[in-house]
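What the coordinates show
These are the residues of each chain, in order.
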Amino acid sequence: MPRRFNRRSSRHAALTFVAVAVGSWLGSLGPGAAEGPRPATHTVVMEAVAFQPGVLTVKVGDAVVWVNRDPFPHTATSAKFDSKDIAPGASWTFTAKAPGELPYVCTLHPTMKGTLRVTTR
Amino acid sequence: MRLFAIVTCAVLCLVAAGASAQSINDAQIAHIVVTANQVDIDAGQLAASMASNPEVKKFGQQMVTDHTGVNKQAADLAARLKVTPADNPTSQSLKAGGDKNVANLKSLKGGEFDKAYIDHEIAYHQAVLDAVDKTLIPGASNAELKGLLVKVRPAFVAHLEHAKKIQSTLK
């Protein structure tokens, strides 16, 4: 009885190993395989006084990088994060820690608005 | 309203008189862009040091930062395109209007200064936007110069909205 259990257990372990290997191979295919366990990195471009994309959906643990392509500073500011001034050509990264909808603005340019949606992994 | 009419005329009447949308050239447009930014930098520098309301002070400093950034981009583009900005009646009128505004602001203090500066910023940004839409963008023949104008236009809109928001708190 214990031997049979062990054999089944090692077979289970082997299958688990294969599943994990396939899973990480799929995960390595890049951001397209968003269902994978690896956190992804998303980019929001700040250009012509607008956030592009204006609405971005990410999963908990994903990183969001705001890149300023305008010739003057911008901020990405919400109730949960505040980049402070991002200089021209500079960027700022925020890692989403909890699910929720986070509307944000550039405090320097009130017409510049965006939304970050964070969903569970 | 009177202020808006005066500033609008300073920008638009001379654009119309000096160079119509058809005849204005890229060298003149480049000069108008640089002058329009410089005029707002000069007023912003004054507000950054003389304003009493902290929001007005901050706005003045931001005008210096933003318009300096735009001017650097415009100067870089002009150099790359080998366009030498050419002085013209519109630039001269913008400069004269800016100098007059600064002289008037220097005679004011406290709340009066803050209100006069913000009122003028609103009228000025509105007038420049009108010139950008009716004369400068339609008149630009180089695609990159046109692109620069299209790209910086939203900044002027944001400044206008920001100034209006501050104005509503000054009353």
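Cut-off values and rules
- Residues numbered from 1 in each chain as written.
- Chains lettered and ligands numbered in written order.
- Predicted model: local features only at pLDDT ≥ 70, side-chain atom pairs only at ≥ 80, totals over all residues.
- Heavy atoms only, no water.
- Helix = DSSP H or I, 4+ residues; strand = E, 2+ residues; numbered from the N terminus.
- Contact = heavy atoms within 4.5 Å.
- Areas by Shrake-Rupley, 256 points an atom, 1.4 Å probe, with all protein chains shown as cover.
- Salt bridge = Lys/Arg side-chain N within 4 Å of Asp/Glu carboxyl O.
- Buried < 20%, exposed > 50% of the residue type's maximum accessible area, 1.4 Å probe, protein only.
- Pairing = 2+ DSSP bridges.
- Axes fitted to C-alpha atoms, helices over the stretch in contact; angles between N-to-C directions.
- Parallel < 35°, antiparallel > 145°, perpendicular 65-115°, else oblique.
- Left-handed = near helix turned anticlockwise from the far one by under 90°.
- Nonpolar A, V, L, I, M, F, W, Y, C, P; charged D, E, K, R; others polar.
- Phe/Tyr/Trp six-rings, centres within 6.5 Å; stacked < 30°, edge-to-face > 60°.
- Buried area = accessible area lost by both parts, 1.4 Å probe.

A separate point is the overall build of chain B. Helix and strand content of chain B: six helices and zero strands. For chain B, the sequential pattern of α-helices and β-strands runs α-α-α-α-α-α. Considering only residue pairs separated by 6 or more positions, chain B has 84% of its internal contacts joining residues 24 or more positions apart. Total accessible area on chain B stands at roughly 7800 Å², and carbon and sulfur atoms take up 60% of it.

When the charged atoms of two side chains lie near each other, side chains of opposite charge can form a pair. Residue and element names in this part refer to chain B. Applying the stated rule across the entire model yields nine salt bridges over all chains. One salt bridge connects Lys 95 with Asp 99, and the closest N-O pair in it is separated by 3.1 Å. Taken as a pair, Lys 95 and Asp 99 lie in helix α4 (residues 89-106) at a separation of four residues, close to a single helical turn. Note on Asp 99: relative accessible area 39%, which makes it partly exposed. Residue Arg 153 pairs with Asp 133 through a salt bridge whose shortest N-O separation is 2.7 Å. Taken together, the residues span a long stretch of sequence, with Arg 153 in helix α6 (residues 143-170) and Asp 133 in helix α5 (residues 110-139) at a distance of 20 residues. You can call Asp 133 partly exposed: its relative accessible area is 34%.

A separate point is the sheet that holds strand β2 (residues 51-52) of chain A. Residue and element names in this part refer to chain A. Taken in spatial order, the four strands make up an open sheet running β2-β1-β4-β5, and their pairing is mixed. The strands lining the two open edges of the sheet, one partner per strand, are β2 and β5 (91-95). The pairing of strand β1 (residues 41-46) with β2 spans two bridges and is antiparallel. Its bridge partner lying in β2, Val 45 is registered against Gln 52.

Our next topic: the packing of helix α2 (residues 26-50) of chain B against α5 of chain B. Residue and element names in this part refer to chain B. Put simply, α2 and α5 touch, their axes get as near as 11 Å, and they point 170° apart. In terms of orientation, α2 lies roughly antiparallel with respect to α5. Every pair of crossing elements has a handedness; the one defined by α2 and α5 is left-handed. Residue-level inspection shows Asp 26, Ile 29, Ile 32, Ala 36, Val 39, Asp 40, Ala 43, Gly 44, Leu 46, Ala 47 and Met 50 of α2 in contact with α5, the latter providing Phe 113, Tyr 117, Glu 121, Tyr 124, His 125, Leu 136 and Gly 139. Split by residue class, the contact of α2 with α5 holds twelve nonpolar, three polar and three charged.

This model, assessed by the stated rule, comprises ten aromatic pairs over all chains. Residues Phe 81 of chain A and Tyr 104 of chain A carry aromatic rings whose centres are separated by 5.8 Å and whose planes lie at 55° to one another, so their mutual orientation is tilted. In this pair, Phe 81 of chain A is assigned in the loop between β4 (63-68) and β5 and Tyr 104 of chain A in strand β6 (residues 100-106), connecting sequence segments 23 residues apart. For the pair Phe 81 of chain A and Tyr 104 of chain A, a shared accessibility class is recorded, and that class is buried. Summarising the aromatic geometry, the rings of Phe 113 of chain B and Tyr 117 of chain B are spaced 6.3 Å apart at their centres and angled 15° between planes, so their arrangement reads as stacked. With Phe 113 of chain B and Tyr 117 of chain B both in helix α5, this residue pair falls four residues apart, about one helical turn.

On the chain B side, the residues contacting the 13 residues of chain A number 15 residues. Between chain A and chain B, the buried area comes to about 1100 Å², and carbon and sulfur atoms account for 69% of it. In terms of surface lost to chain B, no three residues of chain A exceed Pro 71, Phe 72 and Pro 110 of chain A, which account for 41% of the buried area on that side. Here chain A and chain B share one salt bridge between them. Of the charged contacts in the structure, one is a salt bridge between Lys 151 of chain B and Glu 47 of chain A, with a shortest N-O distance of 3.1 Å. Each residue belonging to the side of chain A that touches chain B can be placed in one class, and the counts come to seven nonpolar, three polar and three charged.

Moving on: the pairing of strand β3 (residues 55-59) of chain A. Residue and element names in this part refer to chain A. The two faces of β3 differ: Leu 56 and Val 58 on one face are buried, but Val 55, Thr 57 and Lys 59 on the other face are not. As judged from the five bridges shared by β3 and strand β7 (residues 109-119), these two strands associate in the parallel manner. Note on β7: the bridge partner recorded for Val 58 is Val 118.

All names here are of chain A. Position of Pro 39 among the secondary structure elements: in the loop between α1 (2-27) and β1. Assessed through its relative accessible area of 53%, Pro 39 is described here as exposed. For the pair Pro 39 and Arg 121, spaced 82 residues apart in sequence, the C-alpha to C-alpha distance is 9.0 Å.

Right, let's talk about unusual backbone geometry for a bit. Residue and element names in this part refer to chain A. In this model, Gln 52 is joined to Pro 53 through a cis peptide bond whose omega is 0°. Tracing the backbone shows Pro 53 in the loop between β2 and β3. Positive phi, normally seen in glycine, also occurs at Lys 84, with a value near 60°.

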